[in-house]
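# Close look at the chain arrangement
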Amino acid sequence: MTFTYYKKEDIAAAAEQITAGNLIAFPTETVYGLGADATNPGAVKKVYQAKGRPSDNPLIVHVADKQTVLNFVEELTKPVIKLMNAFWPGPLTIILPIKKDSLESVVTGGLQTAAFRMPDNQATLALIKAAKTPMVGPSANTSGKPSPTTAAHVAHDLHTTIAGVLDDGPTGVGVESTVLDMSVEQPVILRPGAITPEAIEAVIGPVLMNQHQVTKKEIPKAPGMKYKHYAPNAQVIIVEKSEFNQAIKRYKSQAKCLGLLAQSAILKQYMQDPQIMTYSLGDTPENAAQNLFAGLRYFDDEQAVQIILAQAMPNQEIGAAYMNRLEKAAGNCYFSDKK
Ligand code: TXA
Ligand code: MG
């Protein structure tokens with residue numbers, strides 16, 4: 001299979017691939033997704049194969065308008081409509097109870113609920129409309145690796161297994177959507193993202209945060225939570241801004257080459273050190289979220305890097321989503337834990 005970079009002018013050709021049951025990666029405001037016709041179980045199966053993704057981890061159904069959700073859901077309740085009006089198109093995924101058999105179990109993982117989202121990307125909304133079908137779309141990376149924020153990241157992981165990518169440049173938010181479970185009495189945030197709990201509460205009232213840690217034996221509420229995520233080849237260690245000096249001293253003796261993933265102000269001091277490679281997170285927590293996955297991937301291409309020291313951000317707003325992904329990449333390993 002030849003891998004094709006589709007541009008905005010090529011949306012009709014990309015849509016033909018989707019309707020033919022093939023896989024096309026698509027841009028969103030968060031990360032690139034791996035698209036397949038959500039109503040074609042054969043096509044959806046290919047998504048799991050291409051990513052090497054465990055098949056009990058359900059997929060998000062991406063729609064180009066709110067109305068399409070009613071193909072799968074009995075009714076949209078008032079709070080759900082409010083959420084859609086407030087945040088769609090945008091980085092909020094909403095879990096809803098579905099009509100029996102309205103989606104194949106290969107999409108839902110056999111659950112009686114499904115995840116819906118309308119991404120804020122004009123090219124992708126046009127692709128869904130041209131294909132005349134909603135698309136499933138997990139992040140377009142090899143399972144377990146950092147999510148892709150550029151078309152080149154997608155090609156790196158999947159160029160031998162999918163038909164191509166609709167290239168719309170680097171994504172804006174950089175971390176995946178907030179996942180909100182509206183299928184339960186008290187709404188629960190299953191995954192933090194750019195849409196904060198405060199923003200959601202301002203629209204529908206109190207929501208819970210899912211703090212529950214899932215072990216391998218349990219059936220997790222968000223099935224994706226039990227799997228290894230975002231992990232580069234090197235060991236990642238989370239370091240507070242004020243502790244970089246100490247951390248570098250400690251780990252220089254343990255690794256041939258250290259990767260520093262931090263804000264420019266920190267990196268400045270270490271640029272000249274031959275034992276250190278740097279990747280800038282930019283200046284703000286928003287920039288850090290945008291750059292996190294690209295940075296982790298950068299160090300994967302630098303074989304020499306054995307340990308990545310990555311900067312912690314304040315655990316609030318977009319920083320909470322950043323820290324959630326970084327903690328997974330690091331397997332929760334903090335420098336301060338190891339004193
Ligand atoms: O920003 C995003 O959401 C990106 C872009 C491409 O849209 N997509 C994405 O998909 O992150 P994925 O498959 O990597 O993450 C979907 C998450 C998983 O953790 C999955 O377990 C959860 O949503 N999920 C899907 N359906 C669910 C359901 N019915 N109940 C609970 N969790 C569900
Ligand atoms: Mg993913």
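Residues numbered from 1 in each chain as written. Chains lettered and ligands numbered in written order. Predicted model: local features only at pLDDT ≥ 70, side-chain atom pairs only at ≥ 80, totals over all residues. Heavy atoms only, no water.

Around ligand 1, the structure places 25 residues, and the nearest of them are T30, N57, H62, R117 and S177. For ligand 1, an oxygen atom lies 2.9 Å from a polar atom in the side chain of R117. Between an oxygen atom of ligand 1 and a side-chain N or O atom of S177, the distance comes to 2.5 Å. When ligand 1 is considered free in solution it has 680 Å² of accessible area, and contact with the protein chains removes 96% of it. Among the secondary structure elements, those contributing two or more residues to the shell around ligand 1 are strand 4 (60-62), strand 6 (113-117) and strand 10 (188-191). At four residues, the largest contribution of residues to the shell around ligand 1 is made by strand 6. In terms of residue class, the shell around ligand 1 is made up of eleven nonpolar, nine polar and five charged. (Near = heavy atom within 4 Å. Polar contact = N/O pair within 3.5 Å; in protein donor to acceptor, adjacent residues only side chain to side chain. Areas by Shrake-Rupley, 256 points an atom, 1.4 Å probe, with all protein chains shown as cover. Helix = DSSP H or I, 4+ residues; strand = E, 2+ residues; numbered from the N terminus. Nonpolar A, V, L, I, M, F, W, Y, C, P; charged D, E, K, R; others polar.)

Averaged over all residues, the pLDDT of the chain equals 93, while 94% of them reach at least 70. Per-residue pLDDT stays below 50 along residues 212-220; that stretch engages in eight contacts with residues further than four places along the chain or on separate chains. (pLDDT = per-residue confidence, 0-100. Contact = heavy atoms within 4.5 Å.)

Where charged atoms of side chains with opposite charge meet at close range, the side chains can pair. Inspection of every chain in the model, using the stated rule, returns seven salt bridges. Taking the shortest distance from any N to any O, the salt bridge between K145 and D300 comes out at 3.6 Å. Highlighted residues: K145 in the loop between strand 7 (135-136) and helix 6 (151-158) and D300 in helix 10 (residues 285-301), separated in sequence by 155 residues. One salt bridge connects R325 with E176, and the closest N-O pair in it is separated by 2.8 Å. (Salt bridge = Lys/Arg side-chain N within 4 Å of Asp/Glu carboxyl O.)

Attention shifts here to the side chain of R325. With respect to the helices and strands, the residue R325 is situated in helix 11 (residues 318-329). Those residues within four positions of R325 in sequence are excluded, and the remaining contacts are V175, E176, S177, R191, P192, Y230, L292 and F293.

Let's shift gears to the environment of K132. Relative to the helices and strands, K132 is located in the loop between helix 5 (122-131) and strand 7. The class of K132 is exposed, set by a relative accessible area of 74%. With 199 residues separating them in the primary sequence, K132 and G331 have C-alpha atoms 40 Å apart. (Buried < 20%, exposed > 50% of the residue type's maximum accessible area, 1.4 Å probe, protein only.)

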